[in-house]
Each structure stands twice: as C-alpha cells, then as structure tokens.
Amino acid sequence: MSDVLDILLAGHDRGDAVRKAAAERLRGRGLPTTRQEDWKFTSLRPLEKFLQSGGREGAMPAVPAPLVDGALQIVVRNGRAEAPAAHVNGITVDARPELAEEPHDSAVQDIVTALAKGVVVIEIPRGKTLTQAIEVVFLSDGAAGAAGHHAGLRVLLGENAEATLIERHLGDGDYLAGHGAAVRLGRNARLRHIKVQDEARGAFHLADTSAELGRDSRYERFVLSLGGRLARDEVHAILMGEGAELRLLGAYAGRGEQLLDHTTRIDHAVPRTSSHEVYKGVLGDSARGVFQGGILVRKDAQKTDGHQLNKALLLGPKAEIDSKPALEIFADDVKCSHGATVGELDADQLFYLRARGVPEAEARALLVQAFLEEIFDGIADETLRGRLLERLHAALGEGDANHG
Amino acid sequence: MLKIENLHVEVDGKPILKGIDLEVAAGEVHAIMGPNGAGKSTLAYALAGREGYEVTAGSATFEGRDMLAMEPEERAAAGLFLGFQYPVEIPGVATLTFLKTSVNALRRQRDEEELSALEFMKLVREKAKDLDIAEAMLKRPVNVGFSGGEKKRNEILQMAMLAPKFCLLDETDSGLDIDALKIVADGVNALRSPERGMLVITHYQRLLDHIVPDRVHVLADGRIAKSGDKSLALELEEKGYAAFGAEKAA
C-alpha cells in the first residue's frame, strides 16, 4: 500500500503547507479501502494496479464547443489552467497556485489537495447576475504519468449574486484525474452548477465538491456521469444559513465494467433549510453503480425538509447497484424521506412499443431515456437540456467495443 | 387474409388454446365472443407475438406469410394492429413522441420515407379531432393518468394513425361507458374498408350493436364451439355461454 502512495505522491509533497498537510494526512490514512464504511462498495484496487503499472497514453482532446452558446470558457489541460487572470463582465477569473484548506474530511479531497497544480478561482461579486454561463473544461490525456493531473476550482458568489457554472471533464488514454471544487454561496445567492463527467473509458475520475450555502441561498447541482472505468463523485454540502435550499440531481449510464459512484453528504446545520436529491442510473453489461446518500440533521435544525431518491435500472445480467441511504436526524420537527428502487425494463411496456412497430433495440433505448429524462427535466435552460440529452443518447447508443 | 389453422398455445406450460381454426378475409369483420378464461386474450397475444405465449402446434399466416416466425415489430410492419385490453402506461414518454416513433418505425421497416414533424402533426391533429381527443392529452405521457375511456380512445387513435391492414381488438369495450363506446365504435367503423380485415374480441354483445360483424365465433375452452352470422351474438346474449358447452360467464 505505502509504495502505491509513494508513486502517487512522488515529487508532490514538497509544496506549500496546505499541500504538505494533505499529503501527510493521506500517508497517515492510506488510500481508502473497502473496510471503510464510505468505501465499502468502491474498491480502489484497480487504481492501485494502474499506479503500479501505468497506462496507455492518449491524444489531448480538442477544446469542445461550449454547451451553452456564448459561454465564457476556461480550459484546464492536464490540471493546469490556461485561463489568464481576467476581469470579464465584472467577475474575476483567476488561476492561482495556492490552495485553500477544506474543512471537511475526505480522502479524495486530500489526494487532490496534495497533488493539484493550482486552482481556478471564479468570483461573482455581490448583486451581480451573470447572464453569460461560465464553462470550465478539464481536458486530460495519459501523458502526465500514473500520478495523473489534479486541479481545484473555487466558485464564490457574493450576496444576491447569481450564475450558471458548467464543468466538463474530457480525456483520452488511461489516466487519473482528480478534482476538488469548492462552492461558497453568500446570502440569497443562486448557483446552477452542471457537471458532465465524460472521461475516457480507461480513466479514473476522483472528484469532491464541497458547498457552503448561506442564508436564503439556492444551489442546484446536476451531474451527468458517463465516462471513466472508475469514477467517484462526492458532494459535501452544508446548509449554514436559514432558508438555504439545495437541489442535487444525478443521472448516470454505465456499461462494460465501469464503476460509477455517487456519494453525497448533506449537513442541515441550522433550522429551516431544505434539500432535494434525486439520482437515477442505468447499468448495462457488468457495470456497477454505487449511491451513498448521507443526510445529517443537526439538533437545532428544526423544520428541515430533506428528501432523497435513488433509482436504478439494471440492463445487463451482471450489472449491479449498491444503494445506501444514511439519515442521521437529531432534531424532532423535521420532514425527511428517502427511497430507492432497482428494476429491469418493464416487459409490458417493451411489448406495447414493439406491437406498435418499434424494433426492440429502439424500444429499449426509448424506455431507458424516458427513465433518465426525469432528471433532465430539472434543467430549465432548454438548449442546454437538449444538448445534454443528445450527449446522453449518443452515450447510450455507443457499443462497448472501446472499453478499456 | 388471416388464416389460423389448428393453433395450440400454452402459457406457463398450461394449454390454453387447443386447436383454433379461423379465416378472416379482407373487408370482413369477425367477432370472437366467449366467457372469461376461454382464451380470447391468449389468441390476441399469440397473434401479436407476446413473449410467454408459446405456440405448440398449428399455424397462423397473414397474407400468406408465416406470422408466427416474425418478431412483434415485424408483425406490426406487416400490417397487424393489436388494440390492447389494458394499454400500459409509459411514464416519461409523451404520447406524441410515442406516436411519431411508432409511425416512423413502421415506415422505415416498409422502406417508406419518414414523416416530417409538420406532416406528422397535421395527421395527428386530424385523427385526434375525429376521436374527440384534446391536444393536451397528446402531450401527456402515454396513458399515464388516462381514464379507461381515454386509454381506449388512445388505442383507436393509434390504429387510425397507423392505418393497419388488419385490426385485432382485444375487449376494446371493457371499461367504457356508453358515450365512449360510441366514439370508439365510430372510430373502428370509420376504418372498415374492403381492403382491411378485423377481428373483434368481446365479452358482451353491446359492442356488436355498434360494430356489426360479418361472422361471430364462440370461443369456449380453447376451441371455437360455434360460428354463425351476427344473429349468433344475440342468441348468446339470450341463452348465455353455457348453451354452447362453455362455462358460465364470470
């Protein structure tokens, strides 16, 4: 185990105090194992093997057209931001080397913090409603060696500020990509955050998003997970001000031997906050999905409204989902619910479509899309929703020939 | 047009149809009546190709083609339409999307050009109007939250849109009040033509007041116990199924 960490941390633990501290914590705890509750269903053994053997190099992908027309694009290549410091339209976009200490405890965060080359900082000042979307594109290839490329992202919204942030992850080859995002919302701020995880099929994607929601703020996060051989998307959100609202939506489609893990922890720290969380996934072949949804309602957090739902469709004979809700409620005047369903395609629906002339493969695709599209309904911008659905449909239509 | 010979069908290893012989020519409307459990729906599903309805003997040909060798979608492309007794709900798929997918899937299989969005909308509006279906209903997911009558009208709308060569209607009258029955029957009658065959499966005579059949068959215990003209339906209504060697209707 320790030699794996040596490979991972080689040459990276000589940085500043924040990086050093993260590297030390990581050395102390080691890479997560399935003996730990949070990692019970997601084994990092494939990552260890990859670190020891290295992988296939790929070609650096081209910068894609933005998902929303006219978006301000910031490109991060192999962990290094190419965006120069800029003041665009009243906002600040900056690529800085120094990292901030994250208050929550997460192995993924420690890996990213120890190894990140820098952080992209986006600041929207108080009172500013940004109509232009900001799109951060993370591009990766296999060139950086086994330790991979890691980058941070900090998004700070002042009081009454409003913005749309799009995060995209693309790559080619076998690599490890680590991402740490920190979102801070001031009083009455609004952030729509769309993440599209479209990594190469041979990639490892480890991401941690922390969010702090101030009074009456609203954070809507949507994640579409399609790529990676092993991808873990963690969200740690804390609702710190009364009236704060959190919406977490997730859609994922796995095939081949992919493992797609969504782990979220929502901390209702004060009274009168609400969270609404829905994740839906389809898993074909031998793909595996993991959903862990933690909700903590602190003792003083009366009138909390928290709802969580996880649904999965298993399309392959060896496909598997592990779903674990974890509600810890210490207040007594709260509304909290959770639900999970796992199923196969409905044979009656399938026959109904086929009896109307729709060929079986097309009928299956239609039903799978219908299952996932509920999540996309949560995206208000029609153009964006249409483009994300196009990407989903293309992914569902792709065969497994390229699986690495 | 449709020719069924000595058809035997099992469901879960249990024989349900025990030798059906039936022939429906183009332009004819035949009715199949029978008590519950006689095998009426089994006949419909076996002809449409539903999984789990295993044909153990006999044949069914459509315009000379072996229907039993075809996938359900191929049977639909050949021109067979099954109107379901219990149309399923499909959350997440708008009725319009479903109709368009279906119309164009059939056109593709027949090497015809797909309908453009405009042509499709024109067609669907025209057919929906005839059947008294509001456009708002077409935007809702397929059959989700539809009343029994709305579901059946939706079936007839699909039939009108797809213009099949042969209509197989499985207890289209179930769950309909008298007004809805009239609308559905009018929709079916509008599709009667010298080129089209129809097989109407029903439990009660009342549908046949509106859709007058050329021939009536009584299905009992997996076999056709008696065939006759439309007066047979009236006779059944009067004497009950027991007179034809069938169990009393449930």
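In case you missed it, the structure is sitting above this.
For clarity, every value in this text was computed on a predicted model and none was experimentally measured.

Student: With reference to specific residues and values, describe the nonpolar core.
Tutor: One finds Phe222(A), Leu224(A), Phe376(A), Leu388(A), Leu2(B) and Ile4(B) to be the most contacted residues of the largest nonpolar core, which totals 73 residues. Ranked by residue count, the leading element in this core is helix H6 (residues 360-376) of chain A, at nine residues. Ignoring any residue separated from it by four or fewer positions in sequence, one finds Phe222(A) in contact with His193(A), Ile194(A), Lys195(A), Leu249(A), Ile375(A), Phe376(A), Ile379(A) and Leu388(A). Core analysis: the next-biggest nonpolar cluster, separate from the first, contains 37 residues, Leu153(A), Leu165(A), Ala211(A) and Ala237(A) among them.

Student: I'd love a proper account of the pattern of salt bridges, names of residues and values included.
Tutor: Side chains that differ in sign of charge can pair as their charged atoms come close. Evaluated as defined, the whole model comprises 48 salt bridges over all chains. With a closest N to O distance of 2.8 Å, Asp333(A) and Lys303(A) form a salt bridge. Of this pair, Asp333(A) sits in the loop between strand E19 (320-329) and strand E20 (335-343) while Lys303(A) is found in the loop between strand E17 (288-297) and strand E18 (305-314), placing the two residues 30 residues apart along the sequence. By relative accessible area, Lys303(A) is classed as partly exposed at 47%. Put simply, Lys165(B) and Glu63(B) hold a salt bridge, and the shortest N to O gap is 3.0 Å. On the criterion of sequence distance, the pair formed by Lys165(B) in the loop between helix H6 (148-162) and strand E9 (166-170) and Glu63(B) in the loop between strand E4 (53-62) and strand E5 (65-66) is long-range, its members being 102 residues apart. For Lys165(B), a relative accessible area of 38% translates into the label partly exposed.

Student: Describe the packing of aromatic side chains, listing the residues and the values that go with them.
Tutor: Between two aromatic rings, the relevant description is the distance of the centres plus the angle of the planes. Going through the model one piece at a time under the given rule, you end up with 10 aromatic pairs over all chains. Consider the rings of Phe222(A) and Phe376(A), whose centres lie 5.2 Å apart with planes at 65°: the pair is edge-to-face. Residue Phe222(A) is located in strand E12 (residues 218-225), and its partner Phe376(A) is located in helix H6; the two are separated by 154 residues in the primary sequence. As far as the burial class goes, Phe222(A) and Phe376(A) line up, both buried. Aromatic side chains Phe351(A) and Phe84(B) sit 5.7 Å apart centroid to centroid with 65° between the ring planes, which places their arrangement in the edge-to-face category. Of this pair, Phe351(A) sits in helix H5 (residues 347-355) while Phe84(B) sits in the loop between strand E6 (80-83) and strand E7 (90-94), on two different chains. One aromatic cluster is present, formed by Phe351(A), Tyr352(A), Tyr45(B), Tyr53(B), Phe84(B) and Phe98(B) through successive ring pairs. Over the aromatic face of Trp39(A) sits the side chain of Arg232(A), whose NZ or CZ is 3.5 Å from the ring centroid. In this arrangement the basic side chain of Lys280(A) is found over the ring face of Phe371(A), its NZ or CZ atom lying 4.6 Å from the centre.

Student: Requested: an account of H5(A), with residues and values cited.
Tutor: Residues and elements named next belong to chain A. Counting buried positions over the nine residues of H5 gives seven, a clear majority of the element. The N-capping residue of H5, defined by a side-chain oxygen 2.8 Å from the backbone nitrogen of Asp348, is Asp346. Two residues or fewer past H5, Gly357 is found with a positive phi of approximately 95°.

Parameters at a glance
- Residues numbered from 1 in each chain as written.
- Chains lettered and ligands numbered in written order.
- Predicted model: local features only at pLDDT ≥ 70, side-chain atom pairs only at ≥ 80, totals over all residues.
- Heavy atoms only, no water.
- Core = buried A, V, L, I, M, F, W, Y, C linked by side-chain atoms within 4.5 Å.
- Buried < 20%, exposed > 50% of the residue type's maximum accessible area, 1.4 Å probe, protein only.
- Helix = DSSP H or I, 4+ residues; strand = E, 2+ residues; numbered from the N terminus.
- Contact = heavy atoms within 4.5 Å.
- Salt bridge = Lys/Arg side-chain N within 4 Å of Asp/Glu carboxyl O.
- Phe/Tyr/Trp six-rings, centres within 6.5 Å; stacked < 30°, edge-to-face > 60°.
- Lys NZ or Arg CZ within 6 Å of the ring centre and 35° of its normal.
- Polar contact = N/O pair within 3.5 Å; in protein donor to acceptor, adjacent residues only side chain to side chain.

Purely spatial values, then, with no claim about function.
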